Amino acid sequence: MKIARFNHKDGIRYGILDDDELVVLDGDPMFAGYEPTGERIPVADAALLAPVIPRSKVVCVGRNYHDHAAEFGNVAPEEPLLFLKPNTAVIGTGDAIVRPPISERTEFEGELVAVIGRIAKNVRTEDALDHVFGYTVGNDVTARDLQRKDGQWTRGKGFDTFCPLGPVIETEFDAATARIETRVNGEVRQQAPLTDMIHSVADIIAYASAAFTLLPGDVIMTGTPAGVGEIVAGDTVEVEVSGIGVLRNSVRDAAPAA
């Protein structure tokens, strides 16, 4: 099922997407279960928000597609290459990606995202997917010039608005048959089957949980295929994962300092 987090009449609520309506739930289903209130709200009357706000961290994986590693002249790592984004970078579908004034090149990176639903520490690969609540779509927005300048990735990937997530969480998802596609102003820039990932979602969760505890609501961004590129003010970026939906964000420049 598709779980949405949304704003309706100045209240943040959760619901199950049922065609063009939201079946309203009594609380966050990750913690409260799937108890309906009996209320239905038209999707058109609600504002979809980021489907989850990580309580502690956004875990990301670099160079997890051979073609993407190659387009930057890198060799794909033998083990998952992990880095973190702050949860303050998270925005939802329909929100604007804001290009920081200290960067001259901002780029998109469309990705599949796993949402952790149970505490995971030192889990085995064969048990890792038992800790996944569901899957959503993400964009690992990157200030590429700052990433290269710093020699590490935290600042270049951690700006506010640099982690769009959405539009929903799909709790029943088969990565073996799904594809990812990123479009900028309607033009396809990235396209790949998710089976092209070097390290599977289960491998990544097991590897990450050996280093730090994964908490319910944490998200795992699983890497991007080849075709990343620049976005500028006025662009619209769409990342689509078949079976989940389309994450859509406009791009603007930060307002000048007062």
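Preceding block: the structure.
First, a word on scope: everything that follows refers to the structure included in this document. (Residues numbered from 1 in each chain as written. Predicted model: local features only at pLDDT ≥ 70, side-chain atom pairs only at ≥ 80, totals over all residues. Heavy atoms only, no water.)

### Quick word on the overall build of the protein chain
Scanning the protein chain from terminus to terminus reveals six helices and 20 strands. For the protein chain, the spread of C-alpha atoms along the three principal axes comes to 55 × 50 × 35 Å. Across the 258 residues in the protein chain, those meeting the buried criterion constitute 52%. Taking the intrachain contacts of the protein chain between residues at least 6 apart in sequence as the baseline, contacts between residues at least 24 apart amount to 72%. Looking at the protein chain as shown, the accessible area adds up to about 11,300 Å², and 48% of this sits on carbon and sulfur atoms. Counting 24 positive and 39 negative side-chain charges, the protein chain places the averaged centre of each group 5 Å from the other. (Helix = DSSP H or I, 4+ residues; strand = E, 2+ residues; numbered from the N terminus. Buried < 20%, exposed > 50% of the residue type's maximum accessible area, 1.4 Å probe, protein only. Contact = heavy atoms within 4.5 Å. Areas by Shrake-Rupley, 256 points an atom, 1.4 Å probe, with all protein chains shown as cover. Lys, Arg positive; Asp, Glu negative; His and termini not counted. Charge placed at Lys NZ, Arg CZ, Asp CG, Glu CD.)

### Regarding the sheet that holds strand E13 (residues 142-143)
The strand order across the open sheet formed by three strands is E13-E10-E18, and the pairing between neighbours is antiparallel. Strands at the two margins of the open sheet, each flanked by one partner only, are E13 and strand E18 (229-231). (Pairing = 2+ DSSP bridges.)

### Regarding the pairing of strand E6 (residues 58-62)
For E6, the tally of buried residues reaches five of five residues, placing the bulk of the element in the interior. In E6, alternate side chains face the same way, and those of Val58, Cys60 and Gly62 on one face and Val59 and Val61 on the other are all buried. Relative to strand E7 (residues 81-85), E6 is paired through five bridges, and the arrangement is antiparallel. The residue bridging Cys60 from the neighbouring strand is Phe83, located in E7. When E6 meets strand E17 (residues 219-221), the two strands line up parallel, connected through three bridges. Across the sheet, Val58 pairs through a bridge with Val219, a residue of E17.

### Quick look at the pattern of salt bridges
Scanning the entire structure with this criterion turns up 21 salt bridges. The partner of Lys85 in a salt bridge is Asp140, and the shortest N-O contact between them spans 2.8 Å. Here Lys85 is found in strand E7, whereas its partner Asp140 is found in the loop between strand E12 (132-139) and E13, with 55 residues between them in sequence. A residue is classified by how much of its surface remains accessible, and Asp140, at 1% relative accessible area, is buried. (Salt bridge = Lys/Arg side-chain N within 4 Å of Asp/Glu carboxyl O.)

### A short note on the environment of Arg252
By the element assignment, Arg252 lies in strand E20 (residues 245-253). As for Arg252 and Leu146, which are separated by 106 residues in sequence, their C-alpha atoms are 18 Å apart. Excluding anything up to four places from it in sequence, Arg252 contacts Ala96, Ile97, Val98, Arg99 and Ala233.

### Focus: the nonpolar core
In this structure, Leu112, Ile205 and Val241 are the most contacted members of the largest nonpolar core, which totals 48 residues. With five residues, helix H6 (residues 201-209) is the single largest residue contributor to this core. Leave out the neighbours within four places in its chain, and Leu112 touches Tyr135, Thr136, Phe173, Ile180, Leu194, Met197, Val201, Ile220, Met221, Thr222, Val241 and Ile244. Within the second largest apolar cluster, 21 residues are counted, among which are Leu25, Val52, Phe133 and Met221. (Core = buried A, V, L, I, M, F, W, Y, C linked by side-chain atoms within 4.5 Å.)

### Some details on the sheet that holds E20
Taken together, five strands build an open sheet; the order of strands is E9-E20-E19-E15-E16 and the sheet is mixed. Where the open sheet ends on each side, the last strands, each with one partner, are strand E9 (96-99) and strand E16 (187-193). Ignoring strand direction, the axes of neighbouring strands in this sheet form an average angle of 20°. As paired strands, strand E15 (residues 179-184) and E16 are joined by six bridges and run antiparallel to one another. (Axes fitted to C-alpha atoms, helices over the stretch in contact; angles between N-to-C directions.)

### Quick look at the side chain of His68
Of note, His68 is situated in helix H2 (residues 66-71). Accessibility expressed as a relative area gives 7% for His68, which makes it buried. Side-chain polar atoms of His68 contact the side chain of Glu71, separated by 2.7 Å. For His68, the residues in contact, after removing those within four places along its chain, are Arg63, Thr224, Pro225, Ala226 and Val228. (Polar contact = N/O pair within 3.5 Å; in protein donor to acceptor, adjacent residues only side chain to side chain.)

### Quick look at unusual backbone geometry
A cis amide bond links Gly166 to the next residue, Pro167, at an omega of 0°. Tracing the backbone shows Pro167 in strand E14 (residues 163-170). Despite not being glycine, Lys9 shows a phi value in the positive range, around 55°. Even without a glycine there, the phi angle at Asp19 is positive, about 55°. Position of Asp19 among the secondary structure elements: in the loop between strand E2 (11-18) and strand E3 (21-25).

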